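Now for the letters of each chain:
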Amino acid sequence: DDIEKDLLVIFGGTGDLTNRKLVPAVYNLFNQVGEGKEPMRVLIIGRRDWTREEYIENVKPWVKQFSRLEYTEEKWNLFKDQLDYYKMDISNIEEYKGLFEYFDSHYSDYRMLFYYAVAPRFFDPITRGLGQKEWTEGRAKVIVEKPFGENLEDAKRLFKDMEVMFGRDYIYHIDHYLGKEMVQNITTLRFDNMIFRSCWNKDYIESVEISAREQVGVETRGGYYDKSGAMRDMVQNHLFQILSILAMEMPEKDSPYAVTVAQQNVLQAIKPMSKENLDKHLVMGQYSGYRSEDKVDPESKTETYAAMAVFIDNPRWEGVPFIIRTGKKLDKRETNVVINFKKANENQFANRLHFHIQPDEGVKLSFNIKTPGLSYDTQKVDMDFCQSCDVNAHANTPEAYERLIKAVSDGQHFLFSQWPQIEYSWKWVDEAVNLWKEAGSRICLYEPGTRGPKEADDMIESFGTHWYSSKEV
Ligand code: BG6
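Described in the following lines is the structure provided in the data block. (Residues numbered from 1 in each chain as written. Predicted model: local features only at pLDDT ≥ 70, side-chain atom pairs only at ≥ 80, totals over all residues. Heavy atoms only, no water.)

## Some points on the sheet that holds strand S12 (residues 352-358)
Working step 1: Taken in spatial order, the nine strands line up as S14-S13-S12-S11-S7-S10-S9-S8-S15 in an open sheet, and their pairing is mixed. Single-partner strands in this sheet number two, and they are strand S14 (378-386) and strand S15 (444-446). Neighbour to neighbour, the strand axes of the sheet diverge by 15° on average, direction disregarded.
Working step 2: Sheet strands in contact with helix H7 (residues 181-191) are S12 and strand S13 (362-370), and its direction is about 150° off that of S12.
Working step 3: Sheet strands touched by helix H9 (residues 222-247): strand S7 (205-213), strand S8 (282-287), strand S9 (305-310), strand S10 (322-327), strand S11 (334-341) and S12. Its angle to S10, the strand with the most contacts, is close to 145°. (Pairing = 2+ DSSP bridges. Helix = DSSP H or I, 4+ residues; strand = E, 2+ residues; numbered from the N terminus. Axes fitted to C-alpha atoms, helices over the stretch in contact; angles between N-to-C directions. Contact = heavy atoms within 4.5 Å.)

Here's what the structure looks like:
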């Protein structure tokens, strides 16, 4: 397309995500704009009766606190000119006419990047509102947050509407885990190193662990979270993305969509959770005190913790458990992946490959050596690469949102989830949650600040391993 200037229009413009992540990300991008390039402008859509100046004063402390790049008054003063504010009720279809007039008078030569940073119930009115205008091809792109809809049916309908309105190629489903440095690195590690590429299958790998522990609770998001739960908030999107990158076949190099097709094939091949295995392979937990959080049902059975073992029905992975867990209010914030290799022989240690995704970033490989000295015993040692220890590498790593907003502008569609991926992962998660509900919604309580339910430890131990932490040797 020949339009060079982007206007990022954020619905839900005064929400937490916008303040903490999106506006700081645009500030960072602004400070890295190349010579001769137009910086992105931002139009915040909010319900509050603010002037542009009032909005700017309001968002300033957020940018100060959350920008990755250095904050100075001088930089802020340059950046703030990029910000604009428009007041409207986004659920009222009539009010979009006024918005279109505003676009025509202020932004007629801009390309629109519409960011849906709102709860899924607003996706529909925004789409219908915006759909009252004809958008010429490529004039508008849409960026949608997760969860995309409240269940599979809802998601299908929403996607159909958006596709008609904007065209499939202009819809960007954001999954910020795909913007994380070490998640992107999994592909390089797997395919650009013969030592890993050659043994990445059931003959050499015993099990795979994917763990995302959080220390935070539901904070101010009780209303959203209570409808969603850990399965829809984290597993359906972020963790299934990681799973599918770990398990996919090697994508054909020459197509940017090849990666997403390879991922999609994995998601399609995950065996549905079965009734017989439900108790053995799925553990749902809830932290004590969750039910008294603001906007949470006092009798809620929503899971704030989920652990599960899934199996992929294809020749590469037959019989290999992928064991996943995530939870809120746990002992630690840490996301990591562990590949447990098979033992070379009974008396030795199994090789393990760790991906440290956050907060530390790095890769660690453990292997056997002869115990030094006269002994012929074998002992385990580690090779440890810490990317986050390298100050320069760390400082240059863009925030996930920064990378992804730029990618929308550049049309890098492959950094986003594609509809079939969302469809398959929704389907799996919906079925598993429904089975669990039919079986009585067993929920294991755990104390805040702990490792989560003991049942999840027992589950992973039944596969001959345990949850490895990044610091563990
Ligand atoms: C979001 C979830 O998508 O990811 C939150 O809605 C969760 O509940 C967050 O806390 C975790 O992201 P990160 O980048 O902190 O691991």
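Alright, that's what it looks like, and here's the rest.
## A few points about the environment of Glu163
Working step 1: Relative to the elements of secondary structure, Glu163 occurs in helix H6 (residues 152-166).
Working step 2: Glu163 sits 232 residues away from Ala395 along the chain, and the two C-alpha atoms are 38 Å apart.
Working step 3: Those residues in contact with Glu163, other than ones at most four positions away along the chain, are Arg168 and Ile171.

## Thoughts on the site of the ligand
Working step 1: Contacts to the ligand come from Lys146, His176, Tyr177, Lys180, Glu214, Arg221, Asp233, Met234, His238, Lys328, Arg333 and Gln358.
Working step 2: One nitrogen or oxygen atom from the side chain of Arg333 is found 3.5 Å from an oxygen atom belonging to the ligand.
Working step 3: Between the ligand and Gln358 there is a distance of 2.7 Å, counted from an oxygen atom to a side-chain nitrogen or oxygen.
Working step 4: A total of three residues in the shell around the ligand trace back to one element, the largest contributor, which is H9.
Working step 5: In terms of residue class, the shell around the ligand is made up of two nonpolar, three polar and seven charged. (Near = heavy atom within 4 Å. Polar contact = N/O pair within 3.5 Å; in protein donor to acceptor, adjacent residues only side chain to side chain. Nonpolar A, V, L, I, M, F, W, Y, C, P; charged D, E, K, R; others polar.)

## Brief notes about unusual backbone geometry
Working step 1: The peptide bond linking Lys146 to Pro147 adopts the cis configuration, its omega dihedral lying at -5°.
Working step 2: Between Gln358 and the following residue, Pro359, the backbone shows a cis peptide bond with an omega angle of 0°.
Working step 3: For Pro359, the location among the structural elements is in the loop between S12 and S13.
Working step 4: Backbone geometry places Glu219, a non-glycine residue, at a positive phi of 50°.
Working step 5: As for its placement among the helices and strands, Glu219 is situated in the loop between S7 and H9.
Working step 6: One non-glycine residue, Lys329, lies in positive phi territory at about 55°.
Working step 7: Positionally, Lys329 belongs in the loop between S10 and S11.
Working step 8: With relative accessibility at 25%, the residue Lys329 sits in the partly exposed group. (Buried < 20%, exposed > 50% of the residue type's maximum accessible area, 1.4 Å probe, protein only.)

## Overview of the nonpolar core
Working step 1: Counting residues in each nonpolar core, the largest one holds 78 residues, and the members touching the most others are Met231, Ile242, Leu246, Met308, Ile339 and Trp428.
Working step 2: When residues of this core are assigned to their parent elements, the largest contribution, 13 residues, is made by H9.
Working step 3: Formed by 38 residues, the second largest nonpolar core is a distinct cluster that contains Val9, Tyr86, Met88 and Trp426. (Core = buried A, V, L, I, M, F, W, Y, C linked by side-chain atoms within 4.5 Å.)

## Regarding the packing of aromatic side chains
Working step 1: Per the counting criterion, the structure on display carries 35 aromatic pairs.
Working step 2: Taking 6.3 Å as the distance between ring centres and 35° as the angle between the ring planes, the aromatic pair formed by Tyr71 and Trp76 counts as tilted.
Working step 3: Given a relative accessible area of 1%, Trp76 falls into the buried group.
Working step 4: One aromatic cluster is present, built from ring pairs that chain together Phe11, Tyr96, Phe100, Phe103, Phe114, Tyr116, Phe123, Trp135, Phe148, Phe159, Phe166 and Trp419.
Working step 5: The positively charged end of Lys180 is found above the aromatic ring belonging to Tyr177, 4.6 Å away from the centroid.
Working step 6: The ring of Tyr468 has Arg352 sitting right over it, with the charged end atom 3.7 Å from the ring centre. (Phe/Tyr/Trp six-rings, centres within 6.5 Å; stacked < 30°, edge-to-face > 60°. Lys NZ or Arg CZ within 6 Å of the ring centre and 35° of its normal.)

## A few points about the packing of helix H5 (residues 123-130) against H6
Working step 1: Running from N to C, H5 and H6 cross one another at 20°; their axes reach a closest spacing of 10 Å. Relative to H6, H5 is oriented roughly parallel. Pair H5 / H6 crosses with left-handed handedness. Judged by residue contacts, Phe123, Asp124, Thr127, Arg128 and Leu130 of H5 engage Arg157, Leu158, Asp161, Met162, Met165 and Phe166 from H6. (Parallel < 35°, antiparallel > 145°, perpendicular 65-115°, else oblique. Left-handed = near helix turned anticlockwise from the far one by under 90°.)

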